[in-house]
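Here are the chains, one letter per residue:
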Amino acid sequence: MTEQFEPVIVGFLCNWCSYRAADLAGTARIHYAPNMRPIRVMCSGRVDPQFVLKALREGADGVLIAGCHPGECHYVNGNIKALRRFMLLKAMLRQMGVEEDRVQLLWASASEGIILARKVDQMTEEIRALGPLNWSEKVIGGNGHKVAVAEPVAEEV
Amino acid sequence: MSEKVNPEQERVGVYVCHCGSNIAKVVDVEDVATWAADLPNVEVSRDYKFMCSSLGQDLIEEDIKEKGLTKVVVASCSPHMHEKTFRVACERGGLNPFMFEMANIREHDSWTTDDEVAATSKAKALTNAAIERVVHHQPLEQLPVEINPNTLVVGGGIAGISATLELANAGHHVYMVEREPTIGGHMAQLDKTFPTLDCSACILTPKMVDVGQHPNITLLTWSEVEKVDGFLGNFTVNVRKKARYVNEEHCTGCGICIEKCPFKVSDDIFEVGLSERKVIYRPFPQAVPKYPVIDKENCVYFQRGKCKACQIFCPTEPNSIEFEQEDEILSFDVGNIILATGYDLFDVKKIPQYGYGRLANVFTSLEFERMVNASGPTEGSIVLRDMESTPKSVAIVHCVGSRDENYHKYCSKVCCMYSLKFAHLVHERIPEAEVYNCYIDMRTPGKGYEEFYNRLLEEETNFIRGKVAEVTDAARIPEEEGKLIVQVEDTLIGRQRRVPVDMVILSPAMEARADSKEISQLFKMGCDFDGFFVERHPKLDPVATMTDGIYIAGACQGPKDVPDSVAQGAAAAARVAGLINLGTVMMEPVRASINQDECSGCKICNNMCPYNAIIFHEDREVSEVITALCQGCGTCVAACPSGVITGAHFTNDQLFSQIEGILWDVRPEKVTA
Ligand SMILES: Cc1cc2nc3c(=O)[nH]c(=O)nc-3n(C[C@H](O)[C@H](O)[C@H](O)COP(=O)(O)OP(=O)(O)OC[C@H]3O[C@@H](n4cnc5c(N)ncnc54)[C@H](O)[C@@H]3O)c2cc1C
Ligand code: FES
């Protein structure tokens, strides 16, 4: 246990579905990996790609974005916008050498505590297998500078 | 971002809750509280048995007053549980309620693991995130919104009628918009209603008449909503009132025009194709309103310029037939909207092995319903497609398209009951006939429903438990000649059976209206995968939607029988009446705003907004958020390439600080943020 690498995952959960799914997982006493640290946003559409990059840069090994199922977003279609941004962000992360599995998107409705819990377990395992992200070495590269990375501009669709 | 707060000067109070043993059993709450006491900005940090108790709240109140706290963090349960409680406590202490943040260390932490070390470290991360976030909180004021006392009800089925009458009888004005020429919906087509078998028309028509005559109701039939703008309390709707070609002020509804019209077409809607109607028509005699409508597509005058029989024979002065009438667009304001657009029936032709359309004597439930209706095409006699022979045996197939992986997975809830009703009606009208009900499971939950099932068992209906595989006319033995053969596995005796019958009735799934997706977009609320409208909460808020001011009732929310539709109609009306009585409501100030000085005018946000709440000022080339329309999702904030849109209470500063805070233990040593 002590020797095992424990990844840190930041979870951006939408207020209406996924945050409540996590609430429900707790209320139903569903046990899952304690590695995901949730942050509430009103809608998955609020998740600026900068948040994800920021989390990875600040030491997270992975990021989970969770929203309502398509068609069920509290704000009509914020989750679809989140999906589009996610696709672009993934393409960008790939180019930066960040493994696919580190940033994942999940639809979980307020009644799907179990789905959220299982996803966290699964992601924890996947990232554990990948090892620590070490953004400053992996992404910025060993050029010796402690750089403040320019905040990438949010790309749009 | 233009933050007024100076984080250095903030004094934060941190309160870590034990929640009895709910949190304290797994999280070392004392450790978290002591640890937090040393964090920057923290003025006081405590742990307490029950923070939500009045003593716990007093603690916060006193500290605000005595220690001059400017911000408060409570690490306890979910904000969905107690955020309001603690905001109010802060307010009592003299702080703006938004100077508060909650860390969810119960639902998201102590209840999800037994690992005390991990749980405690997660609790620290969540608490620290809340502390780092809260120092960036800004005071916000709730937004007062006035409620226009008029209401729009869309759909004049029994659910819409129920909602409309409740509101109108309580003294409020209602606009009812119905797409067909008459109100009544599906219930008007039914003969008897289970389980009491009272005649549908007898209980429905008085209500329809009430709607037609009520001084508080503006009834717009043959009309559709085209546009909806606005928000809770202040919607503006545009309604297209289709040309009826009959002047509603002059027409007395005498019906002479219908009588004199020389042309007939198949009545595919009300009589589901079983009989014909005139080209100028009223769907059924008790239609409300009573004015007929000309079916332009089939009218010989409109198509060929000749006829005008209706006009020639119209006895009113001035003449009520107006061929030159055009669609009208009406615009009016309402405070709330109730959607009661009902359901469609599953198209049974999608299951070709059941033979509908190919085998003449396979009927749909709605066809049968019209047939047994005394005012229907056969005046109540049950006959085969030749419209004269009486069937000696009838099979009723439950769950056609329901509880089926290939079509709809859900149970349509009412089909078992009306299939039993059909069996009863066949026994009643043709006592010597054999009736077979093929069902998967018999579902009769409801007051008096199981009793009705027992009654049918006594009436000696043949119940076959099994899903019908096929309906065919290919006989294998002489007894099957000229019959329809229902091939079904009787799971109770574990055998395949071939049941030869004269008539087959299919009970199709109730499904969402074909246009439910467009309707949900028009009203800016959600529908689920199946197309049914989504309620705010499946148990605790079944008639509200996620959009303030929009309510749903009846079968548009999911399959439902008449009693449930009526109850939902009344429930939606009660919700609306409550708001009307309040007059003004306060809305969460979680809204976006655009810094007008820095907006580059790229318009990217304009299309992002699902509520069209962002307008573009052509003259100044900047965008602006209409605060009252904004619902606070933050999509535009994330989309703005210049970063000049602020999402109140979810600002970039607040979220970035929260991210930093949540990663306190793993952050690479101080990268410039
Ligand atoms: C064969 C059959 C037998 C049944 N028997 C029984 C029974 O015995 N007992 C029982 O309790 N229930 C029975 N039911 C169920 C019953 O029909 C429904 O519970 C009830 O009709 C639902 O009412 P509603 O108002 O929600 O929908 P609907 O009756 O479908 O009414 C919706 C109305 O909205 C209108 N509309 C739709 N879209 C729009 C739009 N965009 N703009 C304006 N107007 C619109 C429609 O024209 C319609 O008038 C039966 C159903 C079937 C199919
Ligand atoms: S509110 Fe859940 S994704 Fe939009």
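Residues numbered from 1 in each chain as written. Chains lettered and ligands numbered in written order. Predicted model: local features only at pLDDT ≥ 70, side-chain atom pairs only at ≥ 80, totals over all residues. Heavy atoms only, no water.

Moving on: helix α2 (residues 49–57) of chain A. Of all nine residues in α2(A), nine are buried, a share of seventy percent or more. Listed in full, the buried residues belonging to α2(A) are Pro49(A), Gln50(A), Phe51(A), Val52(A), Leu53(A), Lys54(A), Ala55(A), Leu56(A) and Arg57(A). Those residues of α2(A) hidden inside the fold are in contact with β1 (9–14), β3 (62–67), α3 (78–95), β4 (103–107) and α5 (135–138) of chain A together with α17 (652–662) of chain B. Immediately downstream of α2(A), the backbone of Gly59(A) shows phi near 115°, a positive value. (Buried < 20%, exposed > 50% of the residue type's maximum accessible area, 1.4 Å probe, protein only. Helix = DSSP H or I, 4+ residues; strand = E, 2+ residues; numbered from the N terminus. Contact = heavy atoms within 4.5 Å.)

Turning our attention to the domain arrangement of chain B. For chain B, the domain assignment lists domain 1 (1–140), domain 2 (142–242 + 330–342 + 513–588), domain 3 (243–326) and domain 4 (344–510). Each of domain 1 of chain B and domain 3 of chain B has a C-alpha centre, and the two are 70 Å apart. (Domains from an automatic or database assignment.)

Quick look at the interface of chain A and chain B now. Where interface size is given, it is often the accessible area lost as the parts come together that is meant. The partner chain B presents 57 residues to the 57 residues of chain A that form the contact. Of the roughly 5,000 Å² buried at the junction of chain A and chain B (both faces included), carbon and sulfur atoms supply 60%. Area buried by chain A at its contact with chain B is led by Arg37(A), Arg46(A) and Glu58(A), which between them contribute 15% of it. The tally of links from chain A across to chain B stands at four salt bridges. Close ionic contact of Arg40(A) with Glu83(B) constitutes a salt bridge, the shortest N to O distance being 3.0 Å. (Buried area = accessible area lost by both parts, 1.4 Å probe. Salt bridge = Lys/Arg side-chain N within 4 Å of Asp/Glu carboxyl O.)

Residue and element names in this part refer to chain B. Across all of its chains, the model carries 17 aromatic pairs over all chains by this definition. An angle of 90° between the planes, with centres 5.4 Å apart, marks the rings of Phe194 and Tyr449 as edge-to-face. Placement of the pair is Phe194 in the loop between β8 (192–193) and β9 (198–199) and Tyr449 in helix α12 (residues 449–458), with a sequence separation of 255 residues. Here Phe194 matches Tyr449 in class, with each residue buried. An angle of 80° between the planes, with centres 6.2 Å apart, marks the rings of Tyr439 and Phe463 as edge-to-face. Residue Tyr439 is found in strand β22 (residues 434–439), and its partner Phe463 is found in strand β23 (residues 462–465); the two are separated by 24 residues along the sequence. The buried category is assigned to Phe463, whose relative accessible area is 17%. A network of ring pairs unites the aromatic residues Tyr245, Tyr301, Phe302 and Phe323 as a single cluster. Over the face of the ring belonging to Phe313 we find Lys260, whose NZ or CZ atom lies 4.9 Å from the ring centre. Above the ring of Phe616, the side-chain terminus of Lys603 is found at 4.6 Å from the ring centroid. (Phe/Tyr/Trp six-rings, centres within 6.5 Å; stacked < 30°, edge-to-face > 60°. Lys NZ or Arg CZ within 6 Å of the ring centre and 35° of its normal.)

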